[in-house]
Amino acid sequence: MKQKLLSVLMLAAAAHVSAQVTDAMIAGSAADTHSVLTWGMGTQGQRFSPLTTINTKNISKLVPAWSMSFGGEKQRGQESQPLVYNGKMFVTASYSRIFAIDVKTGQKLWKYEHRLPEGIMPCCDVVNRGAALYDNLVIFGTLDAQLVALDQNTGKVVWKEKVEDYSAGYSMSAAPLIAEGLLLTGVSGGEFGVVGRVDARDPKTGKLVWTRPVVEGHMGYKDGKENGITGTTNATWPGETWKTGGAATWLGGTYDAKTGLAYFGTGNPGPWNSHVRKGDNLYSASTVAIDVKTGKIVWHYQGTPNDAWDFDGVNEFITFDMDGKRVGAKADRNGFFYVNDATTGKLINAFPFVHGITWATGIDLTTGRPNFVDANRPGDPAAAGGDGKKGASVFAAPGFLGGKNQMPMAYSPKTQMFYVPTNEWGMDIWNEPISYKKGGAYLGAGFTIRPLYDDHIGSLRAYDPKTGKMAWEVKNNAPLWGGVLTTGGDLVFWGTPEGYLKAADAKTGKVLWQFQTGSGVVAPPITWSDGTDQYVSVVSGWGGAVPLWGGEVAKKVNMLEQGGSVWTFKLAK
Ligand code: CA
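The structure contained in this document is the topic of the report that follows. Per-chain numbering applies: the sequence of each chain, read as written, is numbered from 1 onward. Where totals are concerned, whole chains, interfaces and linings use all residues; where local detail is concerned, this predicted model gives features only for residues with pLDDT of at least 70, and gives and counts side-chain atom pairs only at 80 or more. To get the side-chain values, all heavy atoms of the structure are used, and hydrogens and water are removed first.

Glancing now at the coordination of the calcium ion. Water is not among the atoms examined, so metal sites may look incomplete; donors are the N, O and S atoms within 2.8 Å of the metal, or within 3.2 Å for Na, K and Ca. Surrounding the calcium ion are the protein donor atoms Glu191 (OE), Asn268 (OD1), Asp310 (OD), Asp312 (OD) and Asp312 (OD), which sit 2.3 to 2.8 Å from the metal. Within one chain, the residues donating to the calcium ion are spaced in sequence as E-x76-N-x41-D-x1-D. We classify aspartate 312 as buried; its relative accessible area is 2%. Think of it in three bands: with a 1.4 Å probe and only protein chains considered, a residue is buried below 20% of the maximum accessible area for its type, exposed above 50%, and partly exposed in between.

Have a look at this one:
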């Protein structure tokens, strides 16, 4: 009898230890309210939870359940979205750290600090945006361009793979994406003349399955064999420029099982000076849709051809249903909101989501191309009459930090509205001559970011993707830099650099609740339920690109304090 009890206990313990995240679980993760298995709260990235326990009627009773500090002197920007599974929260932190936390109590279970070499070159703070779960592993990318897979229970390293050469400017900051049993990752480093790409690996071993460069002219590989060149060499890039063409895939991707496509945004072409690379510069500043099975690009849509303003088109492409059709939406750094057919890429709608855009008057819905304002492109330093050292300076809006940046928006199938964290700012920008040097900044541009309005830079805006009409907005003094969550309880949650996690009525935008987290919030909130209580969590810790690159805006927000903690809330009984 004793023996039997013991073996039952051992079986139970084994079952607990071997709890595994499966492909089926990831496929169903958007509807699974007990876990948060992926970045984006589902591979489509909608950041919608059907939970209604916390709602517009009782949100005033939302109070902290626990808070946990990342500790140490390593603070800086905390842009991470936590994951929740099997009683644990997995959250990455600045300087390539990851923590496992008891989700009930907030107690730290284990921590892994990646040993970073001297000479890493992250452009925009030492951030990480989150991890991926697969099998018994938690997997994340590091600032020295490696992937590390740890045992969820022990924090021990199971595998580690070098993705690229950090001394050439490569790094990793995005959460990996699991799709069709593969681990899909991009690369960061667009300011250093890297070549953007998407890699697919076996998530259990880290072994490379396919790699797809997103700059025209570069060869893709699958199972160790050539898998076709991306695009047509020199079709949209002159001379050798494609070899250092940028288009970093630094925000990762989304995936839709209905189309079998993974959607990755691509960053600015290199260098910033557009005059040395005349042409569209495919597939920079674009959305690329990749067939996960073949590792080939099925369609692309380019928001900013021949980009001259650092309009990285990396922003998340979120698929949803509109008029009975599977489509996808993206609020681009260039200030326009796009809706494309998710299967073919055909442009369906496009409208500005910030005021005062200078570089284009609109998007031609027939050709899909922007109507450029040629006079508002920074001047060519080599133009006749110039000194060859500095081209004509122009004022451009949005500024290069974008109408929207890394902070992901949310979509509610209930209200059929997108909740977009926007910023309104401009910049003076001019071009300079530049040549490529490995590991050196590859810009050929100078710039100063400036505020446009006295009463706000940030604004959370609700948009109808069909009409392009703004339903409501909540303005914010500092630029918004965290992401958004929306719920079946008709709530929208988002954080501010001033330190607040806020909740508004999804239909009206009325702010119903806020909580001061002690440092700036530049990360997306999540929610889940243990069957009794619904919880909301968010990471707090001011930093990211704004204090480093924000010019006049950085001066305006330099009183904000750094931090590093994760907060979890539930309703008071
Ligand atoms: Ca960039």
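What follows picks up the thread again.
For the purposes of this entry, the term helix denotes a DSSP run of H or I that reaches at least four residues, the term strand denotes a run of E that reaches at least two, and both are numbered from the N terminus. Assignment of secondary structure puts lysine 404 in the loop between strand S27 (394–396) and strand S28 (410–412). Residue classification places lysine 404 among the buried positions, given a relative accessible area of 0%. Pairs of N or O atoms are called polar contacts if they sit within 3.5 Å, as long as, within protein, a hydrogen donor faces a hydrogen acceptor (for residues adjacent in sequence, only side-chain-to-side-chain pairs). In this structure the side chain of lysine 404 is engaged in a polar contact, spanning 2.8 Å, whose partner is the side chain of glutamate 316. Here the side chain of lysine 404 touches methionine 407 through a polar contact of 3.0 Å, landing on its backbone oxygen.

Throughout this description, the term salt bridge denotes a Lys or Arg side-chain nitrogen within 4 Å of a carboxyl oxygen of Asp or Glu. With the rule as written, the count across this model stands at 29 salt bridges. The salt bridge involving arginine 197 is made with glutamate 164; its shortest N-O contact spans 3.1 Å. Separated by 33 residues along the polypeptide, arginine 197 in strand S13 (residues 197–201) and glutamate 164 in the loop between strand S10 (157–162) and strand S11 (177–179) bring together distant segments of the chain. By relative accessible area, which is 22% here, glutamate 164 ends up partly exposed. For the salt bridge of aspartate 455 with lysine 475, the shortest nitrogen-to-oxygen distance reads 3.1 Å. In this pair, aspartate 455 sits in the loop between strand S31 (445–451) and strand S32 (458–463) while lysine 475 sits in strand S33 (residues 470–476), placing the two residues 20 residues apart along the sequence. On the accessibility criterion, aspartate 455 (45% relative accessible area) is partly exposed. Each of the salt bridges in this network shares a partner with another, and the network as a whole consists of Glu161, Glu164, Arg197, Asp199 and Arg201.

Our next topic: the packing of aromatic side chains. Any two of the Phe, Tyr and Trp rings considered here, Trp counted by its six-membered ring, make a pair once their centres fall within 6.5 Å; the pair's planes then place it as stacked at under 30 degrees, edge-to-face at over 60, or tilted in between. Per the stated rule, a full pass over the model turns up 34 aromatic pairs. A centroid spacing of 6.3 Å and a plane angle of 85 degrees characterise the contact between tyrosine 112 and phenylalanine 140, whose relative ring orientation is edge-to-face. Of this pair, tyrosine 112 sits in strand S6 (residues 108–113) while phenylalanine 140 sits in strand S8 (residues 137–141); the two residues are 28 residues apart in sequence, bridging distant segments of the chain. Taken individually, tyrosine 112 and phenylalanine 140 each receive the classification buried, so the pair is uniform in this respect. Plain terms: the ring middles of phenylalanine 400 and tryptophan 549 are 6.1 Å apart, the flat faces sit at 85 degrees to each other, and that makes the pair edge-to-face. Separated by 149 residues along the polypeptide, phenylalanine 400 in the loop between S27 and S28 and tryptophan 549 in helix H3 (residues 545–549) bring together distant segments of the chain. A residue is classified by how much of its surface remains accessible, and tryptophan 549, at 23% relative accessible area, is partly exposed. Here the aromatic cluster, defined as three or more aromatic residues joined through ring pairs, consists of Tyr301, Trp309, Phe311, Phe336, Tyr338, Trp359 and Phe372. Directly above the aromatic system of phenylalanine 372 lies the positively charged group of arginine 377, at a separation of 5.4 Å from the ring centroid. Two conditions define a charge located above a ring, namely a distance within 6 Å from the ring centre to NZ of Lys or CZ of Arg, and an angle within 35 degrees of the ring normal.

What follows covers the environment of tryptophan 425. Assignment of secondary structure puts tryptophan 425 in strand S30 (residues 425–431). On the accessibility criterion, tryptophan 425 (0% relative accessible area) is buried. Taking C-alpha positions, tryptophan 425 is 25 Å from isoleucine 318, a pair spaced 107 residues apart along the chain. Within the structure, the side chain of tryptophan 425 is placed 2.9 Å from the backbone oxygen of glycine 402, a separation counted as a polar contact.

Moving on, we come to the sheet that holds strand S40 (residues 565–571). The sheet built from four strands is open, its strands ordered S2-S40-S39-S38 with antiparallel pairing. What marks the edges here is a single partner per strand, and that holds for strand S2 (62–69) and strand S38 (526–529). Mean inter-strand twist for the sheet, computed between neighbouring axes without regard to direction, equals 25 degrees. Here strand S39 (residues 534–540) pairs with S40 via five bridges, running antiparallel. Across the sheet, residue valine 536 finds its bridge partner in S40, namely phenylalanine 569. Paired strands, as defined in this entry, are two strands with at least two bridges between them according to DSSP. To get an axis, a line is fitted to the C-alpha atoms, and for a helix only the part in contact is used. The angle between two axes follows their N-to-C directions and goes from 0 to 180 degrees.

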